[in-house]
Structures are given as structure tokens and as C-alpha cells.
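Residue strings, one per chain:
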Amino acid sequence: MTDGNEMFPLIQRLDQDGKLVGELGVLTAKDLKDTYTTMRFLRMFDERAWNLQRQGVIGTYAPFKGQEAAQMGAVAALDDRDWLVPTYRDWAASYLRGVPMEHALFFSKGHPSLGDVPAGKQVLPAQVVIAAQTLHGVGVAWATKLRHEGVATVVTFGDGATSQGDFHEAMNFASVLEVPLIFFCENNQWAISVPLSRQMHAETIAQRSVAYGIEGFRVDGNDYVAVANLMHELSARVRSGEGPFLVEAVTYRLGAHTTADDPGKYRSVEEEDLWIQRDPLTRIEKWLRTEGLLDDEDLAAMDVESEAKVEEVLAVFREALDISPLVLFDNVYAEVPTGLASQRAQFEARVKEVGA
Ligand SMILES: Cc1ncc(C[n+]2csc(CCOP(=O)(O)OP(=O)(O)O)c2C)c(N)n1
């Protein structure tokens, strides 16, 4: 049997106590402070989104709390020409690639703008069909290869996705075609209520790379310094014609699977406590404090700023809700079939009648 842990030792640079066990590498102290500031905003937004669902303002929402370092590190090395192919939980990664934060709320609300990607931003809309985007990632990366663009594509997915057929087809295709793609698995230990140990018999996800003849890496996904440095190295390598690669970022979903889930039914408080100690935000905060780069006053100022940013997002979201229910019929067909046109007319008459 392959000892996955031995073959793919966990790469770490900043441990859970906030001690550097490796180099800062391509990052500077300022990068870490900026990253921490953004993380704090993202954490606040994520918690607010959860509350908004509880208040009935939005629909089902999948929180990313605990996965900030993995997601931010995954895209840390990407520039304007590189691509991100994300999932329904990747709002931190998508936000960094230029997707406005209110899109996370649009997505939950079924708003017609949920899939809009701002012009010029190289990011696909969030995918809900588990692992389907891994194939899209291969397609995007293959296209960039055929066009000799020399850019990197990162496709993100969960541990559960690696048990889907699509993932294996994508890995096979990507390796045979040698596409400039980084498969980035956010191994948050759970696929809803199914733990990793019941999803697969292998010890690590990284070792799945061996079967496809590509290089794999296993990194502490709660360690932004390690993830960002690894992704800098791999992005540069795929841009110069190497790849694909598989990265397993070992992390944890601190919240529920979605607002429709209760993790108390399937996982222990002890397990959650263990991972709270490994919180990706806490370790950067500890490091910044030790270096004298952060104090309570800074934190208070960051929170005031984050609060204002969250309010801005909510204001845009609330304004966007003021749309006609007739948009339901838009963007379905290029040429609207007669049946649908007559349904639309009936619906429009009814909307006028009730004054909606
Ligand atoms: C093809 C498919 N099967 C089942 C589902 C239902 N489903 C939604 S999320 C999920 C678990 C996914 O777990 P994982 O890939 O680990 O990602 P995570 O939600 O933990 O980020 C499942 C089975 C789905 N969306 N698509």
C-alpha cells in the first residue's frame, strides 16, 4: 500500500501558533498584513450572510469560514490573464479575482445577475454540480494552450468532488493533453455529512496524482504563507508549459455545509475545537502581533472598515432586488418559443393586476 503521508508530507510555513517554520518566501510582512485585513472582511461578510439567511433575506448559503487561507492562497499568484474556475463555496477566491461580493448573495437568492462576470475578469461563474467544473477547467486550460497564451488556470473543488467520475476524467484528460492547469482541492474533511474516511480508502488526495502521472502536493490549507508560495511556484511552472498539477490543501469547514445543514448531527465538538485552534486567521494575527505589526487598535480599525464594506455590499444587493419578476423569462431562449411568450404575457397581466 502507498503511504500517502510519507509520499506527500504536509507543506507548512506558518504553524498554528503563528510561528514561522519556513520562509515567508515570495511574501512580505506587508502582504501578510493586507491579506489579514481582507480575511477579516471576508470572515465578517461570511458570518453576516449566514445571519441574513436566518432572517429570511437570502436563500441557502454555503459558508467558507475556515477556508479563507486555502481560497486566498489558491489565487494569490494569479494575474489578470490567468483563470479561476470555482465552486459555490469559493466566494473568497472569486472576490479576489474581481467578482463583486454581492454575487454570493445573488447566488443564494437566484438573482439573474448571479452568473455575471465583470468584463475582463478571467473567472467562471460558481459551479454547483459537484466536480463538473474540473472538466470545464481542463477545457479552459486546453484552449489557452492551443492559443499559446502562456497563462495559468486554477480549478477549485472539494474533497467529495474527488470521488466523482468527472474529476477522474478531468485528471486523465488534463494529464494526457498536458494542459497548464492546477487542480486545487480544498480538502475540508467533509462532503456534507460524509467524512473523508468514508469517501475514499487512500490516505491522501494528493496521492491520486500518481495514477495520472502528474505531480501532486499536500499543503496545510490553513497556512496562507505555504499555500501562496506553492501556488506562486506552480503558476509560474504552468505558464512556462509544465503541468497539470494536483494540490491538496488540508483545511476544515468551520461552519455548516450550508444554511440547510446541522453539523452537530454528524461531527463532534472535540473535532471542531481542534480545528478552531488551527484557524487560518488566528495564526496570521499571532505572527503579526509578535512582529509588532498589529495591535488591538489596528484590529478595531479593521473591523470598522470591514463593517462599512459589508454595508456597501448589502446596499448594492438590496437595490438589485428591485427588479421585475418578469426577468424569470429572460435569458432562456435566444428566440422565445410561442408557448413561453404566451405564458410571459399571462404572467405580465397578472403582475400588473396585483401591482407587483
Ligand atoms: C453531481 C452532484 N451530486 C450531488 C450533489 C449534492 N451535493 C451538494 S454539495 C455536496 C458535497 C460536496 O462535498 P465536497 O466536494 O467535499 O465540497 P464541500 O461542499 O465540502 O465544499 C453534494 C453531494 C451535487 N450538487 N452534485
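Conventions adopted
- The residue numbering used here restarts from 1 in each chain and proceeds along that chain's sequence as written.
- Local features in a predicted model are, by the rule used here, given only for residues with pLDDT of at least 70; side-chain atom pairs are given and counted only at 80 or more, and totals for whole chains, interfaces and linings are based on all residues.
- Numbering of helices and strands starts at the N terminus; helices are DSSP runs of H or I of at least 4 residues and strands are runs of E of at least 2.
- Based on C-alpha atoms, the radius of gyration is set beside the globule rule, defined as 2.2 Å times the residue count to the power 0.38.
- Whether two residues are in contact is decided by their C-beta atoms, placed from the backbone, lying within 7 Å.
- Where a domain begins and ends is set by an automatic assignment or by a domain database.
- Note: two strands are recorded as paired if DSSP finds a minimum of 2 bridges between them.
- Axis lines are fitted through C-alpha atoms, for helices just across the contact stretch, and the angle between N-to-C directions can take any value from 0 to 180 degrees.
- In this text, near has one meaning. A residue is near a molecule or strand if its C-beta atom, placed using the backbone, is within 6 Å of it.
- Gly is placed with the polar residues, together with every amino acid not listed as nonpolar (Ala, Val, Leu, Ile, Met, Phe, Trp, Tyr, Cys and Pro) or charged (Asp, Glu, Lys and Arg).
- Put simply, a residue is buried when 20 or more other C-beta atoms lie within 10 Å of its own C-beta and exposed when 12 or fewer do; between those, it is partly exposed, and each C-beta is set from the backbone.
- In this usage, the nonpolar core is the set of buried Ala, Val, Leu, Ile, Met, Phe, Trp, Tyr and Cys residues whose C-beta atoms join them within 7 Å.
- An expected span of 1.5 Å times one less than the residue number is assigned to each helix.
- By convention, orient the strands away from the viewer: a clockwise path from the first strand over the helix to the second makes the crossover right-handed.
- The cut-offs work like this: below 35 degrees is roughly parallel, past 145 is roughly antiparallel, 65 to 115 is roughly perpendicular, and the gaps in between are oblique.
- Crossing handedness: left-handed means the near helix sits turned counterclockwise from the far one by under a right angle, and right-handed means the same turn made clockwise.

Colleague: I would appreciate a short explanation of the overall build of the protein in the present structure.
Modeller: Counting its regular elements, the protein contains 14 helices and seven strands. Taking 356 residues into account, the globule formula puts the C-alpha radius of gyration at 21 Å, and the protein, at 21 Å, falls close to it. Viewed in the frame of its principal axes, the protein has a C-alpha envelope of about 65 × 55 × 40 Å. In the protein, 78% of the contacts between residues at least 6 apart in sequence involve partners at least 24 apart.

Colleague: I keep staring at the domain arrangement of the protein and nothing clicks. Help me out?
Modeller: By a frequent convention, interface size equals the accessible area lost on bringing the separate parts together. Along its sequence, the protein is organised into domain 1 (4-323) and domain 2 (325-356). Taken over C-alpha atoms, the centre of domain 1 sits 38 Å from the centre of domain 2.

Colleague: Quick question: what am I supposed to make of the sheet that holds strand S7 (residues 245-250) here?
Modeller: Strands pair in a sheet through their backbones, by hydrogen bonds, and they do so in one of two ways: parallel or antiparallel. Across the sheet, which stays open at both edges, the five strands sit in the order S1-S2-S3-S7-S6 with parallel pairing between neighbours. Looking along the sheet, the strands with just one partner apiece sit at the ends: strand S1 (83-85) and strand S6 (215-220). Sheet twist, expressed as the mean angle between neighbouring strand axes with direction ignored, is 20°. Helix H6 (residues 132-146) contacts S1, strand S2 (153-158) and strand S3 (181-187) of the sheet and is inclined by roughly 175° relative to S2. Sheet strands in contact with helix H10 (residues 224-239) are S3, S6 and S7, and its direction is about 160° off that of S6.

Colleague: Quick question: what am I supposed to make of the site of the ligand here?
Modeller: As a matter of local geometry, the ligand sits amid 15 residues, with Ile130, Gly158, Gly160, Ala161 and Ala191 nearest to it. Of all elements in the fold, only S2 and strand S4 (190-191) reach the threshold of two or more residues within the shell around the ligand. Counted by class, the shell around the ligand contains eight nonpolar, four polar and three charged residues.

Colleague: Help me understand the pairing of S2 in this model?
Modeller: Where a strand is regular, its side chains alternate between the two sheet faces. Of all six residues that make up S2, six are buried, and the element is covered over most of its length. Of the two faces of S2, the one holding Thr153, Val155 and Phe157 and the one holding Val154, Thr156 and Gly158 are both buried throughout. With three bridges joining them, S1 and S2 adopt parallel strand pairing. Counterpart to valine 85 in the pairing with S2 is valine 155.

Colleague: Where do I start with the nonpolar core in this structure?
Modeller: One recurring pattern in soluble globular proteins is that nonpolar side chains are buried together. The biggest cluster of nonpolar side chains holds 83 residues, and the ones touching the most others in it are Ile182, Phe183, Val227 and Val247. Ranked by the residues each element gives to this core, the list is headed by H10, at nine residues. Filtering out sequence-adjacent residues up to four positions away, phenylalanine 183 remains in contact with Thr134, Val155, Met171, Pro244, Phe245, Leu246 and Val247.

Colleague: What is the right way to read unusual backbone geometry from this model?
Modeller: Of note, the bond from glycine 243 into proline 244 is cis; its omega dihedral lies within 30 degrees of zero at 5°. By secondary structure assignment, the location of proline 244 is in the loop between H10 and S7. Phi at glutamine 189 takes a positive value of approximately 80°, unusual for a residue other than glycine. Secondary-structure assignment places glutamine 189 in the loop between S3 and S4.

Colleague: Hey, could you run me through helix H2 (residues 29-54) in this one?
Modeller: One full turn of an α-helix is made of 3.6 residues, so residues set three or four places apart face in the same direction. In this model H2 runs 38 Å from its N-terminal to its C-terminal C-alpha over 26 residues, within 8% of the 38 Å that 1.5 Å per residue would give. Along H2, the residues classified as buried are Leu32, Thr35, Tyr36, Met39, Phe41, Leu42, Arg43, Phe45, Asp46 and Ala49. If you follow the buried residues of H2, they end up packed against helix H3 (68-75), helix H4 (91-96), helix H5 (102-109), H10, helix H12 (280-290) and helix H13 (296-320). Looking at the residues trailing H2, positive phi occurs at glycine 56, about 80°.

Colleague: Please explain the pairing of S7 as it appears in this structure.
Modeller: Counting buried residues in S7 gives six out of six residues, a clear majority hidden from the surface. Residue alternation in S7 divides its side chains into two sets, Phe245, Val247 and Ala249 and Leu246, Glu248 and Val250, and both sets are buried. Pairing analysis gives six bridges linking S3 to S7, with the strands arranged parallel. Bridged to glutamate 186 within S7 is alanine 249. Of the strand pairs in this sheet, S6 and S7 are connected by six bridges, and their pairing is parallel. Paired with phenylalanine 217 across the bridge in S7 is valine 247. Crossover handedness for the path S6 to H10 to S7: right-handed.

Colleague: Help me out: how do you make sense of the packing of H6 against helix H7 (residues 165-177) in this one?
Modeller: In helix packing, the relevant descriptors are the interaxial angle and the interaxial distance, both defined with respect to the helix axes. Interaxial distance between H6 and H7 falls to 7 Å at its minimum, and their mutual angle equals 15°. With respect to each other, H6 and H7 are oriented roughly parallel. Between H6 and H7 the crossing geometry is left-handed. In this structure, H6 contributes Ala132, Thr134, Leu135, Gly137, Val138 and Trp142 to the contact, and H7 contributes Asp166, Phe167, Glu169, Ala170, Phe173, Ala174 and Leu177. Along the lines of polarity and charge, the residues of the contact of H6 with H7 split into nine nonpolar, two polar and two charged.

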